[in-house]
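Okay, here's what each chain looks like letter by letter:
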Amino acid sequence: MTRRLAEVAKKVGVSEATVSRVLNGKPGVSEATREAVLTALDVLGYERPTQLRGDRARLVGLVLPELQNPIFPAFAEVVGGALAQQGFTSLLCTRTVGGVSEADYVDLLLQQQVSGVVFAGGFYAQADAPHAHYELIQERKLPTVLVNAAVDHLGFPQVSSDDYVAAEMAIGHLRALGHRRIGMVLGPRDHIPSRRKLDAFMAAEEADPELVEHTMFSLEGGHAAATRLVSSGVTGIVCASDILALGAIRAVRRAGLRVPDDVSVIGYDDSAMMNCTDPPLTTVRQPIDAMGRAAVDMLVALIERASVPADELLFEPELVVRASTARARI
């Protein structure tokens, strides 16, 4: 008990006596300090006293699929900062292959009595993935916001970059440079954002469904998919992420060709350091700052029991032209 008092007091920056008064429900402590002590208990993994377990922690779960793709750490930074400004602490949960699953994290967050959850890039974006844990969240009425396109039936508010418009921008840029044989590298077939990008691709003039490749979101996946496209004679490749685009550039080079002289490549996200790649990557930027702040604003409104419709808030992406695209050779 003494050790717990000391750790919580150090975390909050108050005396052990103050922590003791909060834990024992005694007066003489401000509401802000009381909330800070209870949040520190949650963060440090201690159980709240029985009489205080009815209060929700000022913790918000931030559930991400990975941290290797630089877009997710960038998003976590935006959301964490926006939550801190609202008086909440973010609890980062990252899925691992063969380890803690998204459903496991949902159970953990419910046990911790978090105030809400923000999901980014979760199973909600895959039509064939398990969704029972989202139904559990709905049953518990836990405030939740999803970032990027989701399957239709979940009923949560969403904040998304417009995938259809993003693909239109990328394809339009390549066509303006004279490219006609354009390929596309997308995520899995059940991935909703990829389906939206595919819809834009198929609506484009001279679209060839044989030049669409589906793969996992990884450097290796992009390499394998782009290798098939390069062998089909494409002069431009539009990718569903920057990581896929880097794999595509590697595939072009392994084929003895050059980017952008022989094949132009476009990514999606505008992740950190994409202006430092060789060549600097032309990409479509997700407005993650605006999206992250909007997601937090919606979540806080839900936590405060305001009416927030379960609609999708679409943000306009931006084409960022760098050196991985050039005019097609005639």
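A brief report on the enclosed structure follows. (Residues numbered from 1 in each chain as written. Predicted model: local features only at pLDDT ≥ 70, side-chain atom pairs only at ≥ 80, totals over all residues. Heavy atoms only, no water.)

**Topic: the pairing of strand β6 (residues 182-186)**
Summarising burial for β6: 5 of the 5 residues are buried, a large majority. Neither face of β6 is left uncovered, since the one carrying Ile-182, Met-184 and Leu-186 and the one carrying Gly-183 and Val-185 both have all their residues buried. Pairing geometry for β6 and strand β8 (residues 236-239), over 4 bridges, is parallel. The residue of β8 that forms the bridge with Ile-182 is Gly-236. Pairing analysis gives 3 bridges linking β6 to strand β7 (residues 212-214), with the strands arranged parallel. Bridge pairing in β7 links Met-184 to Val-212. Handedness of the β6-helix α8 (residues 192-203)-β7 crossover: right-handed. (Buried < 20%, exposed > 50% of the residue type's maximum accessible area, 1.4 Å probe, protein only. Helix = DSSP H or I, 4+ residues; strand = E, 2+ residues; numbered from the N terminus. Pairing = 2+ DSSP bridges. Right-handed = clockwise from strand over helix to strand, strands pointing away.)

**Quick look at empty space enclosed by the protein**
Evaluation of the coordinates by the stated rule reveals 1 cavity of 30 Å³ or more. Here the largest cavity is characterised by a volume of approximately 40 Å³. Taken together, Ala-166, Ala-167, Ala-170, Lys-197, Val-238, Cys-239, Gly-267, Tyr-268 and Val-284 form the lining of the largest cavity. For the lining of the largest cavity, the elements supplying multiple residues, two or more each, are α7 (163-176), β8 and β9 (264-269). Here the element with the most residues in the lining of the largest cavity is α7; it accounts for 3 residues. Broken down by class, the residue content of the lining of the largest cavity amounts to 7 nonpolar, 1 polar and 1 charged. (1 Å grid on protein atoms, 1.4 Å probe; cavity = no way out; pocket = protein on both sides within 12 Å on 5 of 7 lines; lining within 4 Å. Points joined across faces, edges and corners; volume = space filled by probe spheres on them. Nonpolar A, V, L, I, M, F, W, Y, C, P; charged D, E, K, R; others polar.)

**Notes on the sheet that holds β7**
Strand order in this open sheet of 6 strands is β7-β6-β8-β9-β10-β12, and the pairing throughout is mixed. Edge strands, defined here as strands with exactly one partner in the open sheet, are β7 and β12 (318-320). Strand after strand, the sheet turns through a mean of 20° between neighbouring axes, direction not considered. Across 3 bridges, β8 lies against β9 in parallel orientation. Counterpart to Val-238 in the pairing with β9 is Ile-266. The strands touched by helix α10 (residues 242-254) within the sheet are β6, β8, β9 and β10 (282-285), with β9 carrying the most contacts at an inclination of about 160°. (Axes fitted to C-alpha atoms, helices over the stretch in contact; angles between N-to-C directions. Contact = heavy atoms within 4.5 Å.)

**Some details on the environment of Leu-219**
Its place among the elements puts Leu-219 in helix α9 (residues 219-231). Once the C-alpha coordinates of Leu-219 and Asp-270 are considered, the two residues, 51 residues apart in sequence, prove to be 15 Å apart. Ignoring sequence-local partners within four residues, the contact set of Leu-219 consists of Ile-243, Leu-246, Gly-247 and Arg-250.

**Regarding the sheet that holds strand β1 (residues 59-64)**
Strand order in the open sheet formed by 6 strands is β2-β1-β3-β4-β5-β11, and the pairing between neighbours is parallel. The open sheet terminates on both sides in strands that have one partner only, identified here as β2 (89-94) and β11 (312-315). When strand polarity is set aside, the average angle formed by the axes of neighbouring strands in this sheet is 20°. Bridge count between β1 and strand β3 (residues 116-120): 4 bridges; the pairing is parallel. The residue of β3 that forms the bridge with Val-63 is Phe-119. Here helix α4 (residues 71-85) sits on the sheet and contacts β1, β2, β3 and β4 (144-147); the angle it forms with β1, its principal contact strand, is near 170°.

**A short note on the nonpolar core**
Grouped together as the largest cluster of nonpolar side chains are 48 residues, with contacts concentrated most on Phe-75, Phe-119, Tyr-124, Val-147 and Val-159. Elements that contribute at least two residues to this core include exactly β1, α4, α5 (102-111), β3, α6 (132-140), β4 and α11 (288-303). With 9 residues, the single largest contributor to this core is α11. What Phe-119 contacts, discounting residues up to four positions off in sequence, is Val-63, Glu-102, Val-106, Tyr-124, Tyr-134, Ile-137, Thr-144, Val-145, Leu-146 and Val-147. Residues Ala-170, Met-184, Val-263 and Leu-281 belong to the second largest nonpolar core, which totals 36 residues. (Core = buried A, V, L, I, M, F, W, Y, C linked by side-chain atoms within 4.5 Å.)

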